[in-house]
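Take a look at the letters that make up each chain.
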There are 2 protein chains.
Amino acid sequence: MNVAILGTGSVGQALTQKLDETGHTIFMGTRNVEESLQRTGKDDWGNPQVGAWIAEHPDIQLLTFKEAVEKGSDLIVFAMNGASALNCLEMIGKELLAGKTMMDISNPLDFSQGFPPSLFVSNTDSLGEQIQQAYPDLKVVKTLNTISNPVMVNPQALEGDHTVFVSGNDEEAKQKVKGVLQSFGWAEKNIIDLGDITTARGTEMILPLWVRLFGKLQTPFFNFHVNIQQQS
Amino acid sequence: MNVAILGTGSVGQALTQKLDETGHTIFMGTRNVEESLQRTGKDDWGNPQVGAWIAEHPDIQLLTFKEAVEKGSDLIVFAMNGASALNCLEMIGKELLAGKTMMDISNPLDFSQGFPPSLFVSNTDSLGEQIQQAYPDLKVVKTLNTISNPVMVNPQALEGDHTVFVSGNDEEAKQKVKGVLQSFGWAEKNIIDLGDITTARGTEMILPLWVRLFGKLQTPFFNFHVNIQQQS
């Protein structure tokens, strides 16, 4: 597939690399290509900034958001922070987004009051729903937002079963996304399709627990598993 | 221990039975004892109402909230719906609650808009914190609120590991509660102490996901497990 990855941080980098390895052609989207290429240091977490990362991955094209979606038209992956979502999509435009499938990995994290973050939308609404409502012809599939990036692209990093959730209104789009998850190594039995996009409320709302677990465990190498009673 | 169980529904019944079986003396608290004893039918879920249940468990004393806490002074278990919490505790009073340990199993579920419920407090606050703030001398320990009652008192109902979370400000009170959890069959490695009572935000906020999973799986016999990478 020709895939547009929106976002150049560590989540976007991890997904780009994995999708590239699994045979897809990636078009990475950013707000301003020249500015991005000049960012050649490390981010706050010690990961390479996009300019340094692109230099090491010359086969990946860095384009504007809009150009990336024009070329990566089979699948869009939104891998930026949630607060940027509506603005980024506005730069791409309704016409270009119509009919496309978008994996939305983002969370509505609000760091304005420091750590731990709260959510800027929750409870009776979600970021997944806000995006779907603003772009009714875009097929939004919320997934992977409950999992750290080294685990999302390599579920075998953890022993035993653990779960990835999927929420979205369009069945065909969800099938496409589930295929991508399986290509990352997610076993079919560990992919739970919760239902329509309103179920994204549930997965976005476990972020406050995720963040506290991250603080306690001091590693991103964990994930939730839904342990279900075996029928005897 | 002498234990006060506040709440006479299926959660209160399950906990009363388990604590009774494990050698404790239970004082079940209700708003109005006479009215409760007259409720001898089934609840909306087909479980026995308190009057029917007490008739089958003659060793359990049904008392007012205040009397139950007076006699069950070693541990209070709050097992009603979250919306009743502050009103129930007001009927007991600050003086009697001071210094006591309370396992808070409740969730701030708001069914006013039907199913699925939202939360009446979340994100930047939690019911656990509201109770702790209203009763600073009560030692509130939030736990078991993420687990259905047949699993909370019988973790062996599910194969393999799964997690129970604990949140609270008082270390001694948390130790007491962890001891109760272990007596229910929870392995020490599956009890995650998240930290102070503000971490109850995280566990209360996974209820929207829990509720959607319950709707999808059509069984209460499931629970979250935090799968953590094994150190090699």
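Report follows, based on the coordinates. Per chain, the residues get numbers from 1 upward, laid out in the order the sequence is written. Chain labels run from A onward and ligand labels from 1 onward, assigned in the order the entries are written. Two thresholds apply to this predicted model, a pLDDT of at least 70 for residue-level local features and 80 or more for giving and counting side-chain atom pairs, whereas whole-chain, interface and lining totals are computed over all residues. Side-chain figures throughout are based on the complete set of non-hydrogen atoms in the structure, without hydrogens or water.

1. Some words on the packing of helix H5 (residues 85-92) of chain B against helix H7 (residues 127-134) of chain B
Residue and element names in this part refer to chain B. The contact between H5 and H7 brings their axes to 11 Å, and the two run at 25°. Here H5 is positioned roughly parallel relative to H7, judged by the angle of their axes. Between H5 and H7 lies a crossing whose hand is right-handed. Taking contact as the criterion, the partners of Ala85, Leu86 and Leu89 in H5 are, on H7, Leu127, Gln130, Ile131 and Ala134. In this classification, the charged set is Asp, Glu, Lys and Arg, the nonpolar set is Ala, Val, Leu, Ile, Met, Phe, Trp, Tyr, Cys and Pro, and all remaining amino acids, among them Gly, are polar. Each residue belonging to the contact of H5 with H7 can be placed in one class, and the counts come to 6 nonpolar, 1 polar and no charged. Angles here are taken between N-to-C directions and fall from 0 to 180 degrees, while the axes themselves are lines fitted to C-alpha atoms, restricted in helices to the stretch in contact. Where helices and strands are cited, they refer to DSSP runs of H or I of at least four residues and of E of at least two residues respectively, numbered from the N terminus. Any angle that falls under 35 degrees is termed roughly parallel, while one over 145 is termed roughly antiparallel, one within 65 to 115 roughly perpendicular, and all others oblique. Left-handed describes a crossing whose near helix is turned anticlockwise from the far helix through less than a right angle; right-handed describes the clockwise counterpart. Here, residues are in contact when the closest pair of their heavy atoms is within 4.5 Å.

2. Some details on the relation of the copies chain B and chain A
In this comparison the copies share one frame, found by least squares on the C-alpha atoms of residues holding pLDDT of at least 70 in both. With an RMSD of 0.0 Å, chain B superimposes on chain A once it is rotated by 180° and translated 0.0 Å along the axis. Those values place the two copies in the arrangement expected of a two-fold rotation axis. Comparing interface residues between copies, 100% of those in chain B also lie at the interface in chain A; the contact surface is shared.

3. Points about the interface of chain B and chain A
Contacts between the two partners involve 38 residues from chain B and, on the opposite side, 38 residues from chain A. Each of two parts loses accessible area, computed with a 1.4 Å probe, when they are put together; buried area is these two losses added. Surface buried jointly by chain B and chain A totals about 3200 Å² across both partners, of which 62% is contributed by carbon and sulfur atoms. Here, a salt bridge means any side-chain nitrogen of Lys or Arg that lies within 4 Å of a carboxyl oxygen of Asp or Glu. Here chain B is connected to chain A by 0 salt bridges. Two N or O atoms count as a polar contact when they lie within 3.5 Å, although within protein this holds only if one can serve as hydrogen donor and the other as acceptor, and sequence-adjacent residues are included solely when both atoms are side-chain atoms. Linking chain B to chain A there are 17 residue pairs in polar contact (both at pLDDT 80 or more). Listed by contribution, the elements that provide at least two residues to the side of chain B that touches chain A are strand E7 (118-119), strand E10 (191-195), helix H10 (200-204), helix H11 (207-217) and strand E11 (222-228) of chain B. Here the side of chain B that touches chain A takes 7 residues from E11(B), the largest share from any one element. The pairing of strand E11 (residues 222-228) of chain A with E11(B) spans 7 bridges and is classified as antiparallel. Bridging from a neighbouring strand, Phe224(A) pairs with Val226(B) of E11(B). At least two DSSP bridges between two strands are required for those strands to pair.

4. Side note on the packing of helix H1 (residues 10-21) of chain A against helix H9 (residues 171-184) of chain A
The axes of two packed helices give the description: the angle between them and the distance between them. Residues and elements named next belong to chain A. Closest axis-to-axis distance for the H1/H9 pair is 10 Å, and the angle between their directions is 85°. The orientation of H1 with respect to H9, classified from their angle, is roughly perpendicular. Touching Leu15, Lys18 and Leu19 of H1 are Val180, Ser183 and Phe184, all from H9. Residues belonging to the contact of H1 with H9 are distributed by class as follows: 4 nonpolar, 1 polar and 1 charged.

5. Description of the pattern of salt bridges
Taken as a whole and assessed by the stated rule, the structure comprises 14 salt bridges over all chains. In this structure, Asp104(A) engages Lys142(A) in a salt bridge whose closest nitrogen and oxygen atoms are separated by 2.9 Å. With Asp104(A) in strand E5 (residues 101-104) and Lys142(A) in strand E8 (residues 139-143), this pair connects stretches of sequence that are 38 residues apart. Take Asp104(A) and Lys142(A): they sit in the same class, and that class is buried. Among the ionic pairs, Asp161(B) bridges to Lys189(B), the shortest N-O distance being 3.3 Å. Of this pair, Asp161(B) sits in the loop between helix H8 (149-152) and strand E9 (164-168) while Lys189(B) sits in the loop between helix H9 (171-184) and E10, and the two are 28 residues apart along the sequence. Per-residue accessibility, obtained with a 1.4 Å probe over protein chains only, is compared with the maximum for each type, and a residue is labelled buried under 20%, exposed over 50%, and partly exposed between these values. Owing to a relative accessible area of 30%, Asp161(B) belongs among the partly exposed residues under this scheme.

6. Quick notes on the sheet that holds strand E2 (residues 25-30) of chain A
Residues and elements named next belong to chain A. Strand order in the open sheet formed by 8 strands is E3-E2-E1-E4-E5-E8-E9-E10, and the pairing between neighbours is mixed. The sheet is open, and its two edges are formed by strand E3 (61-64) and strand E10 (191-195), each paired on a single side. Ignoring strand direction, the axes of neighbouring strands in this sheet form an average angle of 25°. Bridging between strand E9 (residues 164-168) and E10 involves 4 bridges; their strand directions are parallel.

7. Considering the side chain of Asp104(A)
Classification of Asp104(A) as buried rests on a relative accessible area of 0%. Look past the residues within four positions of Asp104(A) in its chain and what remains in contact with it is Phe78(A), Gly128(A), Ile131(A), Val140(A), Val141(A), Lys142(A) and Thr143(A).

8. Details of the packing of aromatic side chains
Pairing of aromatic side chains requires ring centres within 6.5 Å, counting the rings of Phe and Tyr and the six-membered ring of Trp. Pairs whose planes differ by under 30 degrees are stacked, by over 60 edge-to-face, and all others tilted. As enumerated under the stated definition, the model contains 7 aromatic pairs over all chains in all. Members of the aromatic cluster, connected to one another through ring pairs, are Trp45(A), Trp210(A), Phe214(A) and Phe222(A).

9. Here we look at the sheet that holds strand E1 (residues 2-6) of chain B
The 8 strands lie next to each other as E3-E2-E1-E4-E5-E8-E9-E10 (chain B), forming an open sheet whose pairing is mixed. The open sheet terminates on both sides in strands that have one partner only, identified here as strand E3 (61-64) and E10 of chain B. In this sheet, adjacent strand axes meet at a mean angle of 25° when their direction is disregarded. Seen against the sheet, helix H11 (residues 207-217) of chain A touches E9 and E10 of chain B and runs at an angle of roughly 95° to E10(B). In this fold H5(B) packs onto E1, strand E4 (75-78) and strand E5 (101-104) of chain B, with an angle of close to 135° to the strand it touches most, E1(B).

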